[in-house]
Structures are given as C-alpha cells and as structure tokens.
Amino acid sequence: MPKKTVKDIKLKGQRVLVRVDFNVPLDKETGEITDDNRIVQALPTIKYIIEQGGKAILFSHLGKIKSEEDKIKNTLAPIARRLSELIKVEVKFVPTTRGVKLEQAINDMNNGDILLLENTRFEDLNGKKESKNDPELGKYWASLGDVFVNDAFGTAHRSHASNVGIASNIDCVSGFLMEKEINFIGGAVSNPKSPFIAILGGAKVSDKIAVIENLLAKADKVLIGGGMNYTFLKAQGYNVGESICELERVDFAKKLLEKGKEKLILPIDIAVSKAFNNDAPFRYTSVTDIKADEMGMDIGPKTIELFTKALIGAKTVVWNGPMGVFEMDNYTRGTIGICKAIAELKDATTIIGGGDSAAAAIQFGYRDKFSHISTGGGASLEYLEGKTLPGVKVIQDCGKHCG
Ligand code: ADP
Ligand code: MG
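Values in this document were obtained by computation on a predicted structure and should not be read as measured data. Within each chain, residue numbers correspond to sequence positions counted from 1 in written order. Ligands are numbered from 1 and chains lettered from A, in the order in which they are written. This being a predicted model, a pLDDT of at least 70 is required before a residue's local features are given, and a value of 80 or more before pairs of side-chain atoms are given or counted; all residues contribute to the totals for chains, interfaces and linings. Calculation of side-chain values draws on the structure's entire complement of heavy atoms; hydrogens and water are dropped beforehand.

A. Summary view of the overall build of the protein. In this description a helix means any DSSP run of H or I spanning at least four residues, a strand means any run of E spanning at least two, and both kinds are numbered starting from the N terminus. Summing up its helical and strand segments, the protein has 15 helices and 15 strands in all. On C-alpha atoms alone, the protein measures out to a radius of gyration of 23 Å, which is about the 22 Å that the 2.2 N^0.38 rule sets for 403 residues. The buried label applies to any residue whose accessible area, calculated with a 1.4 Å probe on protein chains only, is under 20% of its type's maximum; exposed applies above 50%, and partly exposed to all values in between. A total of 403 residues make up the protein; the buried ones form 55% of that total. Between two residues, a contact is recorded if the distance between any of their heavy atoms is within 4.5 Å. Of the contacts formed within the protein by residues at least 6 apart in sequence, a portion of 73% connects residues at least 24 apart. Radius of gyration means the value over C-alpha atoms here, while the globule rule gives 2.2 Å times the residue count to the 0.38 power.

The structure is reproduced here in structure tokens:
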C-alpha cells in the first residue's frame, strides 16, 4: 500500500516537524563536513514545505553522544550553516533539544521559516532518551508541531524518539527522499521487473546472511564478489589462502550453492597479493590457483566480463557491497567494472543499497548513472533483507485520500 507523502497534507501555516538525516561524515581534525550528500538529498522536502507556507522544524541526529566532549564534536551548528547556504534561506539554529527557548523560537516562526534543533542524540546523555525511544520525549517533541514528516530513511531501521516516538503522537507522512527510497528499494524487493539481478559483495557473509537469502529467493541471478566470495569458493572446495574467509559460514555457503545452483554466479578469476596494502605486487589468477600465502583483493578481468554478460537484458538490478578492496587504487577495477556494466544497461531500474558501495560508485563518478543510490547504509541493508523498517511502518498508508 502506498504511503502518504508531504503532498497529501495541508502545510500552510502549519508547524511541520521534519525528521531529516543530517548524519554526515565530518573531518576528524577540522570538524568540516566532508560529504554533504545527505543534506542535499533532504532539500526537496524542506523546499516544498516552505514554498507551501509551512514552518519547517527540523530534527536530526549526528554521530553518537556518550560524553560532554561528544557534544562539542557533534553539534548541528555547522550543519545549519551548510543547509542555509544550500537552500539559500536563513536557517534558525536553536542549540537545545527542549525547553522554553526552543518553544519561544517556534512561536516566533513565520510561514516559510526554517528552524533546526540541536542534535537529537544530546538526549542520550540523559538516559538514552532518544535512542531508547523514551515515550515522554516523543510526546514532548510531537507537542511542538501540527504534523510530522519523516524523511530520514537512513534512520528508518531504528525505533527512536525522533522518528517512531513523534509518529506515535501525531500524523506522520513521508518526505520525498523517504518516498523515493521506499519506491526504489521496497519496489525492487517486493515487485521487481524481471530479469532481476542482484550483485552482492562487501566484506563478510555473516553481515549479509539475510540479504543473500532474501535476494536469492527473489532474483533471477545473484552475482557474488568482494570479500564474501571466498567463503563460497572455500565451500566449492578451492584453496583461498589468506583471503578473508569465514570458516563457520562455509556450511551455510554450501547450502546456498545447492539451493541456488542455477542462480548463483561466482568469480572465476581474482586479483591476489601477499599483503593487505596497495604497495605489495599483485597478480591475477584463476580461482583454482590461489596460493597459501596469497589473499584475494578484487575480482579479475574475466569475472568482470562474466558479470557484465550476466547483466545484459536486466530490468532490475540491486547492488550491495563492493567487488574488492576499492579503498586501495590497485583494487578499484572490479567495482568500477560493475559500475560501468550497470551504467550501460538500457531500460533498467538500477539501485545501490549499501554505504560503502554507494560511496564507491559516487567516488568513481557514477552518481548519475544509477536510478537510485540509497542514502541509508544499515537501513537499506535491512530493507533488502525484506524487513519492515519501524521508521517506514509509522508512516500513514494512503487509503483513498492520496494524490
Ligand atoms: P556496504 O557498505 O556497501 O554494504 P560492506 O560494508 O559489506 O559494504 O563492505 C565494504 C568493505 O568490504 C570495504 O571496506 C572493502 O574494502 C571490503 N572488501 C571488499 N572486498 C574485499 C576483499 N576481497 N577482502 C577484504 N575486504 C574486502
Ligand atoms: Mg559498509
């Protein structure tokens, strides 16, 4: 059932509480924002609310707050400044999460104004009120507004006071980013156009058991690369040398290999090296010939070709997890090769769900080549597992009244 969106409610003159995800990466030394993608992705919803004459009251967390020192590092003050530059409207920052000053500032708002509260997780120093979804806190924050727009997909796998808590007290609709994530990832998992091809990689099988199982059940083909592939190679009886390999998952991999015989496609060649760094030499080798002192770092050219061919004609592609240690220059080729293969598909819905894979595709210049690059790392992973996310569940269904 489709969800209500910000387009389905009255905004003019309303105090619109908006949960955004401004949990952006900061430079450890300077504290500067190193990637403002999440702020950029939240702009359409905020712009729409203020253009319609709503008063936008924004909530977000940033990092984890366990000490007074964390508060200094994770204030939202610089985020307010960046948002203001991007949206070209003054953003009033209120350096607190509750109390008279905040209430007064909200009272003083005119239609079309934007206000940002301090980091919602500052409440965590006070008995984890935000992260444990303290009912009083959700109720208090809800009392500051008339309606609630949840646009924080990146937090949707969590049941916190600033999403589920507020939504338990006032009507909740989705923002445009949330709507996009639900349509793309939710759509691919529940109602994909076939052929549907999933590409899975990243570090470990154990992080992704439920994703592999869910996608193996739904996709027509599943291509496996990255660190997780060595557990599968081991299950096939090959030597994997020093490669990352989870012995306690080999049986699981064996079962999947049996169950998904026709669907699973594994690498046939690999870039191997004797050290986990970018300075040591490397060679490409068949998966049947990994030496005891070598470790697999990336998929090889023959595998890129094999995967590229497997992708031809795909109508839906979901990708989670890089194909190699893409952080090292020598081992970017596999991940770039897959970006390229996906970029060349015509008439396909192509989606990346996964923090590192999304970062890799953006870093390699493929941001515009995918139908959708998810803003949620953990959230997109859980969505791909087929789970119902608490932050999505609280959004009202459309019924007859939408659109
Ligand atoms: P995502 O965030 O996209 O879900 P993961 O967090 O599961 O992806 O995995 C990303 C990490 O996997 C990267 O840091 C990458 O270096 C690592 N990785 C990929 N291939 C290998 C490999 N062959 N050996 C070790 N680590 C790998
Ligand atoms: Mg990751």
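B. Region of interest: the sheet that holds strand 11 (residues 282-286). Strands pair, by our definition, only if DSSP identifies at least two bridges between them. Strands sit in the order 11-10-12 across an open sheet of three strands; the sheet is antiparallel. In this open sheet, the two edge strands, each paired with only one partner strand, are strand 11 and strand 12 (295-299). Sheet twist, expressed as the mean angle between neighbouring strand axes with direction ignored, is 40 degrees. As paired strands, strand 10 (residues 269-273) and strand 12 are joined by four bridges and run antiparallel to one another. Bridged to isoleucine 270 within strand 12 is isoleucine 299. Here, axes are lines fitted to C-alpha atoms. For helices the fit covers the stretch in contact, and angles between N-to-C directions go from 0 to 180 degrees.

C. Spotlight on the state of the cysteines. Two cysteine sulfur atoms form a disulfide, by the criterion used here, when they sit within 2.5 Å. Overall, the coordinates contain zero disulfides when judged by the stated rule. Unpaired in this structure, cysteine 172 has its nearest cysteine sulfur neighbour in cysteine 398, at a distance of 13 Å. Classification of cysteine 172 by relative accessible area gives buried; the value is 1%.

D. Focus on the nonpolar core. In plain words, nonpolar cores are sets of buried Ala, Val, Leu, Ile, Met, Phe, Trp, Tyr and Cys residues tied together by side-chain atoms within 4.5 Å. Core analysis: the largest hydrophobic core is formed by 58 residues, its most contacted members being Leu115, Trp141 and Phe232. Note that the domain bounds reflect an automated or database-derived domain assignment. A domain-level breakdown of this core finds at least three residues from each of domain 1 (6-180) and domain 2 (192-384). The residues touching leucine 115, leaving out its near neighbours within four places in the chain, are Ala56, Ile57, Leu58, Lys92, Val94, Leu102, Ala105, Ile106 and Met109. Core analysis: the next-biggest nonpolar cluster, separate from the first, contains 30 residues, Val16, Phe22, Tyr48 and Val91 among them.

E. A look at unusual backbone geometry. In this structure, the amide linkage connecting serine 194 to the following residue, proline 195, adopts the cis form with an omega of 0 degrees. One non-glycine residue, lysine 88, adopts positive backbone phi at about 60 degrees. With respect to the secondary-structure elements, lysine 88 resides in the loop between helix 3 (77-87) and strand 3 (91-94). Here the phi dihedral of lysine 128 falls at roughly 55 degrees; this positive angle occurs in a residue that is not glycine.

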